[in-house]
Amino acid sequence: MPTEAGLPGTITLLGNPNFESEEVTAYELGWRAQASANLFIDVAAFYNSYRNLRSFEPETPFPVMSPVPHLVLPYRYSNRMSAQNTGLEVAAFWNPRSNWNLNASYTLFSDHYSLEGSGDPFGLAGSERLGSTPKHQLSLKSSFNFTKDLQ
């Protein structure tokens, strides 16, 4: 990767002896009911608060002369990101026959990330960050047991 100085550049990720594990505090409140002998309904709401999430902090670039002159662009692992997510899940499980199961579920999801004094070049739009989880998810599943050994 060419740099502004015209030299080839190498991005280098550096370890961090002070790097900490991420922490999460999770809350969930749910309700489950058996509406009939073959129909179950679940509803759950959740809130999660994450701390010490991974960020990449830029450090001062430096030249290296071997094997060819190039500029090293160092980034150090750090813990300068936090996040909160909330959601609601609704699911229904129905057995219209003893060998046939139908499942339906819907999830509404919201997340918020923040960087505290970070120079992370990926910002809040990195691959596993803000916007990588769908706001709405719908799932429908049907399964049938033909015999005790074949599903």
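What this report covers is the structure whose coordinates are included nearby. Along each chain, the written sequence defines residue order, and numbers are assigned to residues from 1. Local features in a predicted model are, by the rule used here, given only for residues with pLDDT of at least 70; side-chain atom pairs are given and counted only at 80 or more, and totals for whole chains, interfaces and linings are based on all residues. With hydrogens and water set aside, each side-chain value is computed from the structure's full complement of heavy atoms.

1. Re the overall build of the chain
Then, number 1: Each helix and strand counted, the chain has 0 helices and 7 strands in total.
Then, number 2: For the chain, the C-alpha radius of gyration of 24 Å lies well beyond 15 Å, the compact-globule estimate for 151 residues.
Then, number 3: Counting only C-alpha atoms, the chain reaches 75 × 35 × 25 Å along its principal axes.
Then, number 4: Throughout this description, buried means an accessible area under 20% of the type-specific maximum (1.4 Å probe, protein chains only), exposed means over 50%, and partly exposed covers the range between. Buried positions account for 25% of the 151 residues belonging to the chain.
Then, number 5: At a minimum sequence separation of 6, the contacts of the chain that also span at least 24 residues come to 64%.
Then, number 6: A 1.4 Å probe and the Shrake-Rupley method give the accessible areas. Residues count as covered only by the protein chains that appear here. Approximately 10,300 Å² of the chain is accessible, and the part contributed by carbon and sulfur atoms is 59%.
Then, number 7: His is not counted here, nor are the chain ends, while Lys and Arg score as positive and Asp and Glu score as negative. The location of each charge is read from NZ of Lys, CZ of Arg, CG of Asp or CD of Glu. Here the chain contributes 10 positive and 14 negative side-chain charges, whose respective centroids are spaced 9 Å apart. We count a stretch as a helix when DSSP gives it H or I for four or more residues in a row; a strand needs E for two or more, and each element gets its number in order from the N terminus. For the radius of gyration, the atom set is restricted to C-alpha positions; the globular benchmark scales as 2.2 Å times the number of residues to the power 0.38. In this description, contact between two residues means that some pair of their heavy atoms is separated by no more than 4.5 Å.

2. Here's the deal with the environment of Pro69
Then, number 1: Along the chain, Pro69 turns up in the loop between strand S4 (62-64) and strand S5 (70-97).
Then, number 2: For the pair Pro69 and Pro8, spaced 61 residues apart in sequence, the C-alpha to C-alpha distance is 7.6 Å.
Then, number 3: The contact partners of Pro69, leaving out residues within four places of it in the chain, are Leu7, Pro8 and Val64.

3. Re the packing of aromatic side chains
Then, number 1: Classification of ring pairs rests on two measures: the distance between centres of Phe, Tyr or Trp rings, Trp counted by its six-membered ring, which must be within 6.5 Å, and the angle between planes, read as stacked under 30 degrees, edge-to-face over 60 and tilted in between. According to the stated counting rule, one finds 6 aromatic pairs in the structure shown.
Then, number 2: The interplanar angle of 75° and the centroid separation of 6.1 Å between the aromatic rings of Phe19 and Tyr77 together place this pair among those described as edge-to-face. In this pair, Phe19 is assigned in the loop between strand S1 (9-14) and strand S2 (23-36) and Tyr77 in strand S5, connecting sequence segments 58 residues apart.
Then, number 3: Classification of Phe19 as partly exposed rests on a relative accessible area of 36%.
Then, number 4: Classification of Tyr77 by relative accessible area gives partly exposed; the value is 29%.
Then, number 5: One aromatic cluster in this structure is built from Phe19, Phe56, Tyr77 and Phe122.

4. Some words on the pattern of salt bridges
Then, number 1: Within this document, salt bridges are pairs made up of a side-chain nitrogen of Lys or Arg and a carboxyl oxygen of Asp or Glu, the two lying within 4 Å of each other. Taken as a whole and judged by the stated rule, the model has 4 salt bridges.
Then, number 2: Arg51 serves as the salt-bridge partner of Glu23, at 3.4 Å between the closest nitrogen and oxygen. Here Arg51 lies in strand S3 (residues 39-58) and Glu23 lies in strand S2, a separation of 28 residues in the sequence.
Then, number 3: For the salt bridge of Glu59 with Arg76, the shortest nitrogen-to-oxygen distance reads 2.6 Å. With Glu59 in the loop between S3 and S4 and Arg76 in strand S5, this residue pair connects regions lying 17 residues apart in the sequence.

5. Quick word on the pairing of S2
Then, number 1: Sparse coverage of S2 is indicated by the burial of 1 of its 14 residues.
Then, number 2: Strands qualify as paired when DSSP identifies two bridges or more between them. Inspection of the sheet shows S2 paired to S3 by 13 bridges, in the antiparallel sense. Bridge pairing links Val24 to Tyr50 in S3.
Then, number 3: Between S2 and S3, which pair antiparallel one after the other, the connecting turn spans 2 residues.

6. Considerations on unusual backbone geometry
With the exception of glycine, the majority of residues adopt a negative phi angle, and the majority of peptide bonds are in the trans configuration.
Then, number 1: With omega at 0°, the peptide bond leading from Ser66 into Pro67 counts as cis.
Then, number 2: Along the chain, the position of Pro67 falls in the loop between S4 and S5.
Then, number 3: Even without being glycine, Asn52 reaches a positive phi, approximately 60°.

What is shown is where atoms sit, not what they do.
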